[in-house]
Amino acid sequence: MSRVEHVLNYLKRRQLENPGFLYAIEDDCGNVFWADPTCRLNYTYFGDTLVFDTTYRRGKRYQVPFAAFTGFNHHGQPVLFGCALILNESESSFAWLFQTWLQAMSAPPPPSITVEPDRLIQVAVSRVFSQTRLRFSQPLIFEETEEKLAHVFQAHPTFESEFINCVTETETAAEFEASWDSIVRRYYMEDNDWLQSIYNARQQWVRVFIRDTFYGELSTNEGSSILNSFFQGFVDASTTMQMLIKQYEKAIDSWREKELKADYEATNYTPVMKTPSPMEKQAASLYTRAAFIKFQEEFVETLAIPANIISDSGTHTTYRVAKFGEVHKGHTVSFDSLEVKANCSCQMFEYSGIICRHILAVFSAKNVLALPSRYLLRRWTKEAKIRGTEEQPEFSNGCQESLNLCFDSLRQEATKYVEEGAKSIQIYKVAMDALDEAAKKVAAASNRTPGTRLPNGEAYPSEEARETANATNHPGGEKERTILELTAELERTGQRCEVYRANLLSILRDMEEQKFQLSLKVQNARLSLKE
């Protein structure tokens, strides 16, 4: 345990400062999990896919057995859902970790998960996330293939490109099977154990078999690293256990800054329209910049891919969509004119949540001028993190899980308050005054208010009840001790309120500073243009 003492001290301190910060230690094994309120809030917005990043446990290259639960936000950036130290690797330990993470999120399991190709992890996923679609990281399989078949890569320079094309470019299962069979025969690798093992697992990593499930990637290029994206550049082979927390916080601060910048660009950036289409303008007004760029790429391509009818039964029409002269590479789109609904054989929308060029070409042919709402995933829009009152969580008194939800909900509202409050110096001053007043009201409400719930779920006693208790119980009695304990708990609650207030004030100041720096950059840019 001495290896992780530094980390445990940090986790204990964070939980004392913030009751919404959760951590857990597995009995006997010493594995550690933690997640702050932002992680849990992120999951409520972007929990439609999960990446379990175990890059730093692989082999002996790294000094810290660090793992992370991540996803993708509305800008396509990696977002954190939780972290862990995996000191003991076993099926039961991974199952404990997944169960602990899921309980911390207080939400349903993710529809899909991406992991490294590891038997222990695979079994644990099937135990805890039985309804979740499992995907193995394709880049890691490519990496391991290159290591295990180094002699083949060196002797046959064309093998790599043929292998990658077989996995990423084939459009049907039959096409993949034929291509795979051709490769293993041509290079005399029918009996190669590694190739046979990854072929047996093809349903979990080959694109043609997994593209019917959402994995949250705006880029269709799976050749880049997936698993270590959040902490890449912060945690590496030189990172020790003593350095981990510092690097962890640096990564969080860095991605928070990048997300704030992307949020600002999404609100203030005016994209260049490449067509006069109202659909393109609609997408530009709703999508974040990253999502719109991907949509626009697909939309512009519709000019070069005509949609040809291959069957028509009235309200249902089937099209073949392909580039001029490349019919053999085309895709089939079925269109329902009553529901204005289409499905494409490329399944790009199912996989990434952005509609494909083939469906857009059919929409153009059918004079569909606006993008139907079913093809506008909220998670890719500027309002992905804005919830209406009808979407706020319901709370039940006396439940710790509900208290966590309360914390997350309050934090979300506070963040929106900060964003509004930092728009100008005048608004900032008004916000600060209102915050001071709110802090006083919260402190007053927390000051032994009748009906206030204690950590054990019981109601805090009224003043009358406390006086009765004092009158009927001798000093040192059980009720006297209870009152003392409750008083101490209230004092701790008051201290936490002060911490929250200080944190909010700090965030307001940080936002105001960022606003000021941005205004300076804008002014400098304008001066440069005038010159």
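What you are looking at is a predicted structure, and each value in this text was computed from that prediction instead of being measured.

Colleague: Provide a residue-level description of the overall build of the protein chain, including the pertinent values.
Modeller: Looking only at helices and strands, the protein chain features 19 helices and 11 strands. Here the protein chain, with 531 residues, has 44% of them falling under the buried criterion. For the protein chain, the computed accessible surface area is about 27,600 Å², with 52% contributed by carbon and sulfur atoms.

Colleague: Describe in detail the pattern of salt bridges, supporting the description with residues and values.
Modeller: Taken as a whole and assessed by the stated rule, the structure comprises 17 salt bridges. Two residues, Arg357 and Glu298, come together in a salt bridge whose shortest N-O distance is 2.9 Å. Within this pair, whereas Arg357 is found in helix α15 (residues 357-365), its partner Glu298 is found in helix α13 (residues 289-301), the two being separated by 59 residues in sequence. Where salt bridges share partners, they join Lys294, Glu297, Glu298, Glu301 and Arg357 into one cluster.

Colleague: Explain the pairing of strand β2 (residues 32-35) to me, using residue names and the numbers behind them.
Modeller: Neither face of β2 is exposed, since Val32 and Trp34 on one face and Phe33 and Ala35 on the opposite face are all buried. Summarising the sheet, strand β1 (residues 22-25) and β2 pair through 4 bridges and their orientation is antiparallel. Bridge pairing in β2 places Ile25 opposite Val32. Connecting the antiparallel pair β1 and β2 is a turn made up of 6 residues, with Asp28 showing a positive phi of about 70°. Pairing of β2 with strand β5 (residues 78-85), which is carried by 3 bridges, proceeds in the antiparallel orientation. Considered in β5, the bridge of Trp34 is made with Cys83.

Colleague: Which residues make up the sheet that holds strand β9 (residues 316-321), and what are the values?
Modeller: Strand order in this open sheet of 4 strands is β8-β9-β10-β11, and the pairing throughout is antiparallel. The outermost strands of the open sheet, each flanked by one partner alone, are β8 (307-312) and β11 (341-344). Between one strand and the next, the sheet's axes are offset by a mean angle of 25°, whatever the strand orientation. With 4 bridges connecting them, strand β10 (residues 331-336) and β11 associate as antiparallel partners. Counterpart to Ser334 in the pairing with β11 is Asn343. In the packing of α15 onto the sheet, contacts are made with β8, β9, β10 and β11, and the angle to β10 comes to roughly 45°.

Colleague: A description of the side chain of Thr70 should follow, citing residues and the corresponding values.
Modeller: Mapped onto the fold, Thr70 is located in strand β4 (residues 66-72). Take Thr70: its relative accessible area is 2%, and that puts it in the buried class. Aside from chain neighbours lying at most four places away, what touches Thr70 is Thr49, Leu50, Val51, Val79, Leu80, Phe81 and Phe230.

Colleague: I'd like a rundown of the sheet that holds β4, residues and numbers included.
Modeller: One open sheet holds the 7 strands; their spatial order is β1-β2-β5-β4-β3-β6-β7, and the pairing between them is mixed. At either end of the open sheet lies a strand with only one pairing partner, and these are β1 and β7 (133-136). Averaged over all neighbouring strand pairs, the angle between strand axes comes to 20°, with direction disregarded. The pairing of strand β3 (residues 50-53) with β4 spans 3 bridges and is antiparallel. Bridging from a neighbouring strand, Phe52 pairs with Phe69 of β4. In the packing of helix α3 (residues 91-105) onto the sheet, contacts are made with β1, β2, β3, β4 and β5, and the angle to β2 comes to roughly 20°.

Colleague: Pulling in residues and values, what's your account of the environment of Ala266?
Modeller: Tracing the backbone through its elements, the reader meets Ala266 in helix α11 (residues 241-268). Between the C-alpha atom of Ala266 and that of Thr288, which follows or precedes it by 22 residues, the distance is 5.2 Å.

Colleague: Residues and numbers for the UniProt feature "domain: SWIM-type" (unreviewed entry) in the protein chain, please.
Modeller: UniProt records the feature "domain: SWIM-type" (unreviewed entry) at residues 331-367, using the numbering of this structure. The annotated region residues 331-367 carries 38% helix and 27% strand content, and the separation between its end C-alpha atoms amounts to 20 Å.

Colleague: Can you explain the pairing of β7? Please cite residues and give values.
Modeller: Note: strand β6 (residues 112-115) against β7, 4 bridges, orientation parallel. Paired with Val115 across the strands is Phe136, a residue of β7. Handedness of the crossover is the feature at issue here: the chain leaves β6, passes through helix α4 (residues 119-128), returns alongside β7, and the resulting connection is right-handed.

The rules behind these values
Residues numbered from 1 in each chain as written. Predicted model: local features only at pLDDT ≥ 70, side-chain atom pairs only at ≥ 80, totals over all residues. Heavy atoms only, no water. Helix = DSSP H or I, 4+ residues; strand = E, 2+ residues; numbered from the N terminus. Buried < 20%, exposed > 50% of the residue type's maximum accessible area, 1.4 Å probe, protein only. Areas by Shrake-Rupley, 256 points an atom, 1.4 Å probe, with all protein chains shown as cover. Salt bridge = Lys/Arg side-chain N within 4 Å of Asp/Glu carboxyl O. Pairing = 2+ DSSP bridges. Axes fitted to C-alpha atoms, helices over the stretch in contact; angles between N-to-C directions. Contact = heavy atoms within 4.5 Å. UniProt positions renumbered as here; feature names shortened; annotations may be inferred. Right-handed = clockwise from strand over helix to strand, strands pointing away.

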